[in-house]
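The primary structure of each chain is shown beneath.
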Number of protein chains: 8
Amino acid sequence: MMLEKGSRLVMIGDSVTDCGRDYNAAPAGWGSYGDGYVSLVNACLTGLAPEQKIMVVNKGVNGDTIRHLKNRWQQDVIDLHPDYLSIMIGINDVWRQFDGELQQLEVVSPQEYEQTYCALLEQTKPLVKNIFILSPFFMELNRNDPMRRRVEEYAEIARKAAKKYQLPYVDVQARIDRYLQSLSYFYISGDRVHPNLPGHMILAKAFLDEIGLEWNQR
Amino acid sequence: MMLEKGSRLVMIGDSVTDCGRDYNAAPAGWGSYGDGYVSLVNACLTGLAPEQKIMVVNKGVNGDTIRHLKNRWQQDVIDLHPDYLSIMIGINDVWRQFDGELQQLEVVSPQEYEQTYCALLEQTKPLVKNIFILSPFFMELNRNDPMRRRVEEYAEIARKAAKKYQLPYVDVQARIDRYLQSLSYFYISGDRVHPNLPGHMILAKAFLDEIGLEWNQR
Amino acid sequence: MMLEKGSRLVMIGDSVTDCGRDYNAAPAGWGSYGDGYVSLVNACLTGLAPEQKIMVVNKGVNGDTIRHLKNRWQQDVIDLHPDYLSIMIGINDVWRQFDGELQQLEVVSPQEYEQTYCALLEQTKPLVKNIFILSPFFMELNRNDPMRRRVEEYAEIARKAAKKYQLPYVDVQARIDRYLQSLSYFYISGDRVHPNLPGHMILAKAFLDEIGLEWNQR
Amino acid sequence: MMLEKGSRLVMIGDSVTDCGRDYNAAPAGWGSYGDGYVSLVNACLTGLAPEQKIMVVNKGVNGDTIRHLKNRWQQDVIDLHPDYLSIMIGINDVWRQFDGELQQLEVVSPQEYEQTYCALLEQTKPLVKNIFILSPFFMELNRNDPMRRRVEEYAEIARKAAKKYQLPYVDVQARIDRYLQSLSYFYISGDRVHPNLPGHMILAKAFLDEIGLEWNQR
Amino acid sequence: MMLEKGSRLVMIGDSVTDCGRDYNAAPAGWGSYGDGYVSLVNACLTGLAPEQKIMVVNKGVNGDTIRHLKNRWQQDVIDLHPDYLSIMIGINDVWRQFDGELQQLEVVSPQEYEQTYCALLEQTKPLVKNIFILSPFFMELNRNDPMRRRVEEYAEIARKAAKKYQLPYVDVQARIDRYLQSLSYFYISGDRVHPNLPGHMILAKAFLDEIGLEWNQR
Amino acid sequence: MMLEKGSRLVMIGDSVTDCGRDYNAAPAGWGSYGDGYVSLVNACLTGLAPEQKIMVVNKGVNGDTIRHLKNRWQQDVIDLHPDYLSIMIGINDVWRQFDGELQQLEVVSPQEYEQTYCALLEQTKPLVKNIFILSPFFMELNRNDPMRRRVEEYAEIARKAAKKYQLPYVDVQARIDRYLQSLSYFYISGDRVHPNLPGHMILAKAFLDEIGLEWNQR
Amino acid sequence: MMLEKGSRLVMIGDSVTDCGRDYNAAPAGWGSYGDGYVSLVNACLTGLAPEQKIMVVNKGVNGDTIRHLKNRWQQDVIDLHPDYLSIMIGINDVWRQFDGELQQLEVVSPQEYEQTYCALLEQTKPLVKNIFILSPFFMELNRNDPMRRRVEEYAEIARKAAKKYQLPYVDVQARIDRYLQSLSYFYISGDRVHPNLPGHMILAKAFLDEIGLEWNQR
Amino acid sequence: MMLEKGSRLVMIGDSVTDCGRDYNAAPAGWGSYGDGYVSLVNACLTGLAPEQKIMVVNKGVNGDTIRHLKNRWQQDVIDLHPDYLSIMIGINDVWRQFDGELQQLEVVSPQEYEQTYCALLEQTKPLVKNIFILSPFFMELNRNDPMRRRVEEYAEIARKAAKKYQLPYVDVQARIDRYLQSLSYFYISGDRVHPNLPGHMILAKAFLDEIGLEWNQR
């Protein structure tokens, strides 16, 4: 497995990452994992790869865009001294363009998204052993759907940023699409954005494959 | 994978199986899975093997011994017409011998356990495609611990019953023991009996391996 | 206005109609209206057309298909002796075909939908002054979306039934589509099925237009 | 319609305006509308006139008199940079004269009401596109009722202020009176001051008529 | 005092009498009194006239008309073997004529009110030592108010019934009117029907005067 | 009546006075009265003597001794500018001598009680129209009971202070004793210290008699 | 110790025995003990005399008199086949004579108390190994207090019944009196009837001494 | 008894001591004792040795190690001026070595435990009459169990510290071991660390024996 023994993994993101984690919990302590893919990643690492002794820290916050990540980057990433970092961000950057108009919110443009993303990677890469970029995703197969199109645009920016800094990129959207070939999104989400447990299992599996969990030996 | 497309899997057991499932939920409906290994099995089957379209039904009940299973077998197994059945039972049969003395409870002897188990398998095998016997387990490496010894004795009876009826046997205890080589039980249980999510992941993985989920292709 | 003074209007349907109404409330009593279009229809009739003194009765039930309506038709429609009746049903008949597969539910086929709908109209038309057929709808403009296609198919059946019995048909889908030309569905629904208050206002307006509420004189 | 596309409408007032809005909600965000006429105005504007994209902001506060409005005018009106503003205030200015005597409260005299109202309009008119003055009202037809008399006196002051600054005046009392010709106040209020949903529909309709929502084309 | 030592007083009525009494409480037991005039009557009799040892039983039920009283008369009056009985009924008989129209409720006509009242008195008078008739009331001085007029009409019927059977009649409306000469109804009620504690004190005082509690000697 | 029209009465004390009043309530506002004798005094003054328009303010605080009163005297008495003041204090000064020993609390000696009481009266008498001293009391007839003896000792101090400053003294203990001649304390208190509603009625009656409420004319 | 190994002890009584036990709990199961002396007896027997393996069953019921005990004797004593039985009853038989007068309750006379007590002992003695009679008690040293006198009278009856059937009698009142020589009742009870934990410790100690728990060897 | 009359006993420790005590309670006040051995110690001292008048103060805090004790020593021990002090600490110092690895917590080494313990005793001994050292314990008889071994190691350090400062040492582990000879740990704990009431009785008895409560004379 790619993660070294005894290392610390911080997973940052939005509500897909947060999933009801207790903000008052100690890092990796009771209630700190939430109920989503971070919790499943921790369950697989602890239960199936116990000799690795990986510390998993959930730093997702509901509703966050990359602009919010930037504001809390120092305390939620740098100050925690992670060995590894995963980032899944972008769905709210897009979503607010569809549901934030009546609130007259200032949107996160592709340019802002790209520049902020790159700046954060630039700053953080020297401080950690690796950073995993997870694509934002939308559970809709119709590629002409306006929100799907927009999410893909932002995912593409994330992919390029990963490439630019030679970081692993996890194409979650591709995993979701594969699922959608067989079953409707209704079994994994109520609103095509927030997964339930089976949906989060898809995300966790994608991440665990990327870090090289050897499923058949565990 | 061993389970046929569109088939129905009923998983029966005690509190390790139950895990807070909503008894009023429709089978495979909202809240029907609980928060334990059944929920994880369903998450993996739905999320990672969606084309199989497996219906997963949780029929665990807190506190049950095999004597309780027998009493509800008709309505909770036979009447549901499962294609596949899994059974994990025995920890309470043993536990009550340690914590039921002051209540003067009638214990389930090894003889009663064996006879009831065999009778249920005898009755049910012709009605389903397969039955998976999951061992009861106790999260303690010391094989001289009195409860561990007793649980092993009952697990051995379950193993023999599986063999007698040529049914697959999942040695959950062995998986737990492997985990305990690396980490204390505190990360997967508070009382060495009831797993938390990482503990349930060990159980789910053991079952999914048995039914042949092809991890590397998903 | 088409509704006679002092008449009784029963509005039957599924969760879009129900909207949290208190099942223990007296008809037209406290808490009986729910929070959806029935409540808005009552608010407009009582507040804007008080001299008409229309009694509005909500008989929506969460999760209902036309099969459920049939089962409770006697007590929830016939026994209430309505002067007017509105029916909005079909979304669950379709939805269960997309999210009910893993529960192995028996679907309501187009044939069953049509036959049941016609039988209910046949039975009820002689007993009331008029019946208003409201189309089921799905808040998605992409007409190739599989659920939208299926909903349209059932809406078409409802339209034909209305025509066959010469009953007014309210094309709610068309109103929703008009809205979607200007704004995303996110402002009127979280899941494209259940409207929020602005969404319900579209439904109420469509119904009130059909019964001829004279907006400019009120 | 009188409101320009993409404009921002702030509606300020007392408990009739507030109606349980969440004070922690973002402007025009989840829970920000309350359950009264502001919510209905937003429902009609969003659902029936979506291409207008009006942002509706509720700034009602329970128990407020015009003296309270003055104290929070800067932060609740000026700082929000509204394009349009509606004001409905005065019932508590009057009510406290009837139910505040035992608390020995300092009443808002007609003079204070007039001077404050005019000062606020004077200050704000240059900053916005329009201000809508909504009359306070009391649901009682007997014009000799002491509270009705007093409310009319204050409404008259509001009307004169509107005239003085050439602002549209919405005579809500007249709408209420029209309703009361047909039905008792019991259907729209428990205490003749706080409307229920049908009562709020009367208020919303009066306002929407004033801003020229074209009902028959929507 | 008119009530004999150790006697049992049953006070029957509607919500003005009920006032949140615990229906599961034993007669005169904990929580049985509610928070209204019955509770105050008991407080004065127990606290100020302890040597009389009067048992006070509250049998008010929210929403009741005289038609409801009739239906529960056997179990709530006769079966309790009261020495004394008080009756305060009529406000709902009238109110439903104003707020029950949209529910199409069958009203209690003056004829039904009178006949039922007399029948109950006829049946009960021989079984008890005395019956106190308390007038229904409406907290409104304007005698042309439609509800006030209607309440007076029913109160007049109650007065005549009292006279016919030579029973004491307590004119609660007169006491309320005296209060309203000095202060607005807002200090004793939110809706002119349900008193708060000061309002209930007026009722209790009227009753206690009737039974001859010697205030100055206690 | 002794209290002038439109005057303000502040009633200060301990838990017998407090009785669950809402500390956040405005003086004489909703929830400000609690459920004890203050609430009954207000109910009688408002309901039975409305033309007097007395403002009643509850300033009881659970657990207070005269030492606590002193600490909050400025803000809870002086700053409120009462016309009339009532004080009922002393039971906790005594009680803590019986139940505070294991907590090693510093007791309020008779000397401290007397000096503090006199200092407060000295300071306040010139600022108000009158001060009513209400005796502390204990619901026990046995005058040799150690707590009864001690309460009497403190009551005697209060009586002397009243005499010294020529203030009216209300002997609540005497009223309680009269009640106890007829009935057990169980009907008016659970612990002989905290009255229930009938018990509070005794207190309220004692106070109202002192201020000269003309019972027979109301 | 007097209780044989592995025996079953049923402790029956009123609220002093009940102390919040869960009526749905299995005998000697979770939540079955309540929070009073039964719980402390069980804690001492299980924790300090574990080799005795005594099953302790709480059968107290709030508010019971001996008349209630008689009604549930078959199911709560006989059907449980106790080896040992303890009975503490009588305080409510007395208390209702002091606080039940206004409810006109039928009291349990000394005669009824004695006859019922003896009948129960007569019936039960042959079925069990021993019965422990615990005296009712009242936490008041003044022997002229009317309730103390009455409790003593009933305790005397219990003592005589114990003697008549040669059963051990535990004089709880004497223990309480000894305590009251040193400290006020306030530290062990709020109302002189219901003990808190220190009070229950006195009761438990009295019982455990009677059955001969060897404190110094444990 | 070793404790002098009227003295103050502070009992400090971790969750075994805390047991749900109310942190806002006054020392020795309502709710201040929690539900564990401190509460039982107080119950025995107050109920069985009332003439001693010992004040018992619970200063346990959930999750504390000796490092935490050090941080709050001034305010929770020194500032309270205890006459006697008991300390039970160490289980978390050990436990975190087994369950804190994934959180990467800094463990309390035996050296830190010893040095801190000695420093606290050195500082405090001159200020109090005596200090009772209670051993940490683990409810497991297998002395090769890794956690049992580690707890014994820390208990040994505590024993030596007691010896060094000539303080009484209470060997709680020995008491627990004696219990475990007869019954499984399930009757006194769910997790072998936190006792239930019978388990706490063992602890309380051990402490009370140490301070010389004369059981047979009480």
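Reading the values: rules and limits
Residues numbered from 1 in each chain as written. Chains lettered and ligands numbered in written order. Predicted model: local features only at pLDDT ≥ 70, side-chain atom pairs only at ≥ 80, totals over all residues. Heavy atoms only, no water. Helix = DSSP H or I, 4+ residues; strand = E, 2+ residues; numbered from the N terminus. Buried < 20%, exposed > 50% of the residue type's maximum accessible area, 1.4 Å probe, protein only. Contact = heavy atoms within 4.5 Å. Arc of directions from axis to C-beta. Pairing = 2+ DSSP bridges. Salt bridge = Lys/Arg side-chain N within 4 Å of Asp/Glu carboxyl O. Buried area = accessible area lost by both parts, 1.4 Å probe. Polar contact = N/O pair within 3.5 Å; in protein donor to acceptor, adjacent residues only side chain to side chain. Nonpolar A, V, L, I, M, F, W, Y, C, P; charged D, E, K, R; others polar.

Chain A has the name SGNH/GDSL hydrolase family protein in an unreviewed UniProt entry, where Caproicibacterium amylolyticum is given as its organism.

Caption draft 1: Molecular detail of the side chain of Glu140 of chain C. Considering the arrangement of structural elements, one finds Glu140 of chain C in the loop between strand 4 (130–134) and helix 6 (146–164). Glu140 of chain C gets classed as buried once you look at its relative accessible area, which sits at 9%. Other than its neighbours up to four places away in sequence, Glu140 of chain C contacts Asp145 and Arg192 of chain A together with Asp145, Arg148, Leu180 and Arg192 of chain C.

Caption draft 2: Fine view of helix 7 (residues 172–180) of chain A. Turning to helix 7 of chain A, its buried residues are Val172, Gln173, Ile176, Asp177, Tyr179 and Leu180 of chain A. Along helix 7 of chain A, the residues classed as buried sweep out an arc of 160 degrees about the axis, all on the same side. Buried residues belonging to helix 7 of chain A abut strand 3 (84–88), strand 4 (130–134), helix 6 (146–164), strand 5 (169–170) and helix 8 (197–210) of chain A together with helix 2 (37–48) of chain B.

Caption draft 3: Molecular detail of the sheet that holds strand 2 (residues 55–60) of chain D. Residue and element names in this part refer to chain D. Pairing in this open sheet of five strands is parallel, and the strands run 2-1-3-4-5 from one edge to the other. Edge positions in the open sheet fall to strand 2 and strand 5 (169–170), since each of these has one partner strand only. Here strand 1 (residues 8–13) runs beside strand 3 (residues 84–88); their pairing, made up of five bridges, is parallel. Its bridge partner lying in strand 3, Leu9 is registered against Tyr84.

Caption draft 4: Expanded view of the pattern of salt bridges. In total, this model carries 160 salt bridges over all chains according to the counting rule given. The closest approach of N and O atoms between Glu101 of chain H and Lys53 of chain A, which form a salt bridge, is 3.1 Å. One end of the pair, Glu101 of chain H, is in the loop between helix 4 (91–99) and helix 5 (110–124); the other, Lys53 of chain A, is in the loop between helix 2 (37–48) and strand 2 (55–60), on a second chain. Accessibility expressed as a relative area gives 25% for Lys53 of chain A, which makes it partly exposed. Asp209 of chain H is paired through a salt bridge with Lys205 of chain H; the nearest N and O atoms lie 3.1 Å apart. In this pair, Asp209 of chain H and Lys205 of chain H are both assigned in helix 8 (residues 197–210), four residues apart and thus about one turn of the helix distant. Taking the relative accessible area as the measure of exposure, Lys205 of chain H reaches 2% and is therefore buried. Among the charged side chains, a network of salt bridges with common partners joins Lys59, Asp64, Arg72 and Asp76 of chain A.

Caption draft 5: Here's a closer look at the interface of chain C and chain E. Taken residue by residue, the interface counts eleven residues in chain C and four residues in chain E. Between chain C and chain E, roughly 610 Å² of surface is buried when both sides are summed, and carbon and sulfur atoms account for 47% of that area. On inspection of chain C and its partner chain E, the count reaches three residue pairs in polar contact (both at pLDDT 80 or more). Class assignment of the residues belonging to the side of chain C that touches chain E gives a composition of five nonpolar, four polar and two charged.

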